[in-house]
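As a plain string of letters, each chain reads:
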Amino acid sequence: MEIPYTTEVRPDTGVTSPKLGIWLFLASEVMLFGSLFSSYALLRGGAPGAPESDSAHRR
Amino acid sequence: MLRKYFFSTDHKVIGLQYGLTSLFFLLVGFSLVVLIRWQLAYPGQPVPLIGGLLGEENAPGGILSAEFYNQLGAMHGTIMVFLGVVPLAVGAFGNYIVPLQIGAPDMSFPRLNLASYWFYAAGGLVMLASFLVPGGAANNGWTSYAPLSDLAPGHGQTMWLVGMLLLIFSSLLGAMNFITTIVQLRAPGLTWFRLPFFVWSQLVTSFLLLLAFPALQAAAILQGMDRVAGTSFFLPSGLVVSGQPLDVAGDGNALLWQHLFWFLGHPEVYVLVLPAMGIVAEILTTNTRKPLWGYRLMVYSVFVLGFLSFTVWAHHMFLTGMGTTISAFFQATTMIISIPSVIILSSLILSLYGGSIRFNTPMLFALAFLPMFGLGGLTGLPLGLAATDIPLHDTNYVVGHFHYLVAPGTIFALFAGIYHWFPKATGRMMNETLGRIHFVGSLVAMNIIFFPMLMQGLAGVNRRLWDGGAIYTHAQPVLFLNIPMSYAAFALAFVQIFFIVNLAISVRSRRMAADNPWEATTLEWATPTPPLAHGNFAQPPRAFRGPYEYSVPDAAADFIPQHVGEERARA
């Protein structure tokens, strides 16, 4: 059985299924690494020795 | 044979695999809570009949130990949500019904679909196996709050994290596949606003799974590092455990776990609810012989609901001291998200008006969903406002609230879906009498279990107490409620036997189902019964009309299926 639009582009959506699938996978990766990076930012900001908000002006 | 029943790439076989596995896990999760209910009604008394089988470590002399009680609670939540309800609602119904309703021969990525099921099965196996390791399964609640979960001894919590990662991976593969399938494989003529509401609900659900689950993926990796590699992402400095300062690097943030967990956890609530609404919408229109009231409004609402569900997570955290400004923001978004939910529920209720209702078993479950889900939603409002959440947080009121949403809400919708689509999947009708006994018994028992929880919670009884609150003075006036609640839970278990027997005998029943036994309009009923093993449809279907053309004036019958063209509809 042939699944349609695996290699040819569906005219009304303008993409092939694998292309759309990979974009969706990348969207979920953005959320994964977004979570990891924001966790890093939070932990780094809360650590002793982290730059204070006004440190640039205190020199 | 192995290839046909276990490693098939046919979406229908995978859907049934998901269905049977998740029903098994629902039974396991429910069995755990039956033990809990015994303990709450008769704290410190040996469990009758099976008390001796639980193991000397878990239940010395048949009496549940407090550690084992915590394992039961944590694993009940985990199994019910991640291994029972979501795989049944999305994995089973989504897999089986969505390709049929959009007139597709299969999912876009059949082998990915197969992988998704086996990752799910592996995750479930890891969760079950964790009961057998020394120290038992995870016992830090289904939310696994740090630092408790970081520091929990034994391997149960680590296995919980591994199991969760497998389940998350399975969900991500499934979600990608569903979205691609719905976008790419709609039959000719099936434009966006001709999609049945169930397909819309699955589409939004898949987006929630795709974008919310990675947060827990990240959190599980970090917590795994804390437990195995000695990092302290979630361990703050200066922790003192049992009078001893803890020897860790520190400087972590325990609240970070809660943010990451609930960033998944709240969209997850809508993952539980949206497919249920979709199933109920299908069954209501079929059995009232009326179009869905406000179809477009419901579609817009489900999108708003999906979007807003990413902005409300911290209403689970009002008590953490994260600050009044943040609390104010999250209680505002929480009040706003109730608007689309109410629109959908009201539309479903208005769909009943003036219909000629057929009271068959799926319809009874779908009708009961409406007030039960409404009650669950209304009891949630006080929890969404910080001022009223503070006294109610972590009480049995919360437990009553979300069980009303999930048990007589979502699980009723899932039962309705099983009774509704069973004829399509097997070619046989289910027994109506057994179905009715199952319905009435479940409805009565669930209300006797969950309504007193609201009363106990308002009296201030905390959840997750090993003795059900017996040592607290303020709990004494409502403590007697535990006994009828527990007997109702045992009765609920008994009533499910009717459902299991019904499934078992109906598969072999001689009451064969026609291709379209409910006289429904959507495309899944245009297939032969059961649908063809490869490709579903005898010839590729074409949609000529919207999904719910019931009781159209001047039509030949009181329903016009989507695949029927204009000339045949009027003939």
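Quick notes on the rules
Residues numbered from 1 in each chain as written. Chains lettered and ligands numbered in written order. Predicted model: local features only at pLDDT ≥ 70, side-chain atom pairs only at ≥ 80, totals over all residues. Heavy atoms only, no water. Helix = DSSP H or I, 4+ residues; strand = E, 2+ residues; numbered from the N terminus. Buried < 20%, exposed > 50% of the residue type's maximum accessible area, 1.4 Å probe, protein only. Areas by Shrake-Rupley, 256 points an atom, 1.4 Å probe, with all protein chains shown as cover. Rg over C-alpha atoms; globule rule 2.2 N^0.38 Å. Contact = heavy atoms within 4.5 Å. Patch = residues over 30% accessible without salt bridge, like charges linked within 9 Å, V, L, I, M, F, W, Y side chains within 5 Å. Salt bridge = Lys/Arg side-chain N within 4 Å of Asp/Glu carboxyl O. Buried area = accessible area lost by both parts, 1.4 Å probe. Polar contact = N/O pair within 3.5 Å; in protein donor to acceptor, adjacent residues only side chain to side chain. Nonpolar A, V, L, I, M, F, W, Y, C, P; charged D, E, K, R; others polar. Phe/Tyr/Trp six-rings, centres within 6.5 Å; stacked < 30°, edge-to-face > 60°. Lys NZ or Arg CZ within 6 Å of the ring centre and 35° of its normal. Axes fitted to C-alpha atoms, helices over the stretch in contact; angles between N-to-C directions. Parallel < 35°, antiparallel > 145°, perpendicular 65-115°, else oblique. Left-handed = near helix turned anticlockwise from the far one by under 90°. Core = buried A, V, L, I, M, F, W, Y, C linked by side-chain atoms within 4.5 Å.

Participant: What is the right way to read the overall build of chain A from this model?
Facilitator: A count of helical and extended segments in chain A gives 1 helix and 0 strands. Classification of the 59 residues of chain A by burial places 24% in the buried group. Total accessible area computed for chain A in this model is approximately 4,200 Å², and 63% of it derives from carbon and sulfur atoms.

Participant: Quick question: what am I supposed to make of the overall build of chain B here?
Facilitator: Secondary structure assignment for chain B yields 17 helices and 2 strands. For chain B, the C-alpha radius of gyration of 24 Å lies close to 25 Å, the compact-globule estimate for 571 residues. In terms of overall dimensions, chain B has a C-alpha envelope of 85 × 50 × 45 Å along the principal axes. At a minimum sequence separation of 6, the contacts of chain B that also span at least 24 residues come to 78%. When the accessible surface of chain B is summed, it comes to about 21,300 Å², and 71% of that surface belongs to carbon and sulfur atoms.

Participant: Is there a simple way to explain the environment of Ser242(B) in this structure?
Facilitator: Within the fold, Ser242(B) resides in the loop between strand S1 (240-241) and strand S2 (244-245). For the pair formed by Ser242(B) and Arg358(B), sequence separation is 116 residues and the distance between their alpha carbons is 62 Å.

Participant: Honestly, a nonpolar patch on the surface in this entry has me stumped. Any pointers?
Facilitator: On the surface, Met1(B), Leu2(B), Tyr5(B), Phe6(B), Phe7(B) and Trp118(B) cluster together into a nonpolar patch covering about 640 Å² of accessible area. Its place among the elements puts Leu2(B) in helix H1 (residues 2-5).

Participant: Could you clarify how one ought to interpret the interface of chain A and chain B in this entry?
Facilitator: The parts lose accessible area when they come together, and the size of an interface is often stated as this lost area. Counting from both sides, the interface comprises 27 residues of chain A and, opposite them, 31 residues of chain B. Each partner contributes to the roughly 2,400 Å² buried at the junction of chain A and chain B, and carbon and sulfur atoms together form 73% of this total. When the buried surface of chain A facing chain B is broken down by residue, Met1(A), Leu24(A) and Leu43(A) rank first, second and third, together holding 23% of it. The interface formed by chain A and chain B includes 0 salt bridges. Counting across the interface, chain A meets chain B through 5 residue pairs in polar contact (both at pLDDT 80 or more). For the side of chain A that touches chain B, the per-class residue count stands at 16 nonpolar, 8 polar and 3 charged.

Participant: Would you mind showing me how to read the packing of aromatic side chains here?
Facilitator: Two aromatic rings, taken as a pair, are described by how far apart their centres are and by the angle between their planes. All names here are of chain B. A complete count under the given rule lists 40 aromatic pairs over all chains for this structure. Ring geometry for Phe365 and Phe439: centres 5.2 Å apart, planes at 80°, overall edge-to-face. Taken together, the residues Phe365 in helix H11 (residues 361-384) and Phe439 in helix H14 (residues 432-458) connect sequence positions 74 residues apart. By relative accessible area, Phe439 is classed as buried at 10%. The interplanar angle of 90° and the centroid separation of 5.7 Å between the aromatic rings of Phe494 and Phe498 together place this pair among those described as edge-to-face. On the criterion of helical spacing, the pair formed by Phe494 and Phe498 is a turn pair, its members being 4 residues apart in helix H16 (residues 482-507). Judged by relative accessible area, which is 51%, Phe494 ranks as exposed. Linked through ring pairs, Phe7, Tyr18, Phe24, Phe25, Tyr117, Trp118 and Tyr120 together constitute an aromatic cluster. Taking NZ or CZ as reference, Arg186 lies 4.0 Å from the ring centre of Trp192, over its face. A cation sits over an aromatic face here: Arg296 above Phe193, 3.9 Å from the ring centre.

Participant: When you look at the environment of Leu167(B) in this model, what are you seeing that I'm missing?
Facilitator: Residue and element names in this part refer to chain B. Turning to its location among the elements, Leu167 is positioned in helix H6 (residues 156-184). Note on Leu167: relative accessible area 5%, which makes it buried. The spatial distance from the C-alpha of Leu167 to the C-alpha of Gly124 is 7.8 Å, given a sequence separation of 43 residues. Excluding residues within four positions of it along the chain, Leu167 makes contact with Phe82, Leu83, Tyr120, Gly123, Gly124 and Met127.

Participant: Looking at this structure, how should I read the side chain of Thr361(B)?
Facilitator: Residue and element names in this part refer to chain B. Within the secondary structure layout, Thr361 lies in helix H11. Looking at Thr361, its side chain comes within polar contact range of the side chain of Glu432, at 3.1 Å. Sequence-distant contacts of Thr361, that is, excluding residues within four places in its chain, are made with Tyr419, Glu432, Gly435 and Arg436.

Participant: How should I be thinking about the packing of helix H1 (residues 17-46) of chain A against H6(B) in this particular structure?
Facilitator: Each pair of packed helices can be summarised by the angle the axes make with each other and by the distance between the axes. Taken N-terminus to C-terminus, the directions of H1(A) and H6(B) make an angle of 140°; their axes are 9 Å apart at the nearest point. In this view, H1(A) runs oblique relative to H6(B), as classed from their interaxial angle. Here H1(A) and H6(B) pass one another in a crossing that is right-handed. In this structure, H1(A) contributes Ser17(A), Leu20(A), Gly21(A), Leu24(A), Phe25(A) and Ser28(A) to the contact, and H6(B) contributes Leu172(B), Met176(B), Ile179(B), Thr180(B), Val183(B) and Gln184(B). Here the contact of H1(A) with H6(B) is built from residues that sort into 7 nonpolar, 5 polar and no charged.

Participant: I tried to follow the packing of H1(A) against helix H8 (residues 254-288) of chain B on my own but got confused; where do I start?
Facilitator: Close contact between H1(A) and H8(B) brings their axes to 11 Å; oriented N to C, the two are set at 160°. Looking at the two axes, H1(A) sits roughly antiparallel to H8(B). Between H1(A) and H8(B) lies a crossing whose hand is right-handed. The segment H1(A) lies against H8(B), with Met31(A), Ser35(A), Ser39(A), Leu42(A) and Leu43(A) engaging Leu256(B), Leu260(B) and Phe263(B). A breakdown of the residues in the contact of H1(A) with H8(B) according to their chemical character gives 6 nonpolar, 2 polar and no charged.

Participant: Explain the nonpolar core here, please?
Facilitator: Taken as a class, soluble globular proteins show a tendency for nonpolar side chains to be buried jointly. Residue and element names in this part refer to chain B. The biggest cluster of nonpolar side chains holds 189 residues, and the ones touching the most others in it are Met75, Phe93, Phe197, Leu216, Leu284, Leu348 and Phe369. Here this core takes 20 residues from helix H3 (residues 66-101), the largest share from any one element. Those residues within four positions of Phe93 in sequence are excluded, and the remaining contacts are Leu88, Val98, Phe198, Ile279, Leu414, Gly417, Ile418 and Trp421.

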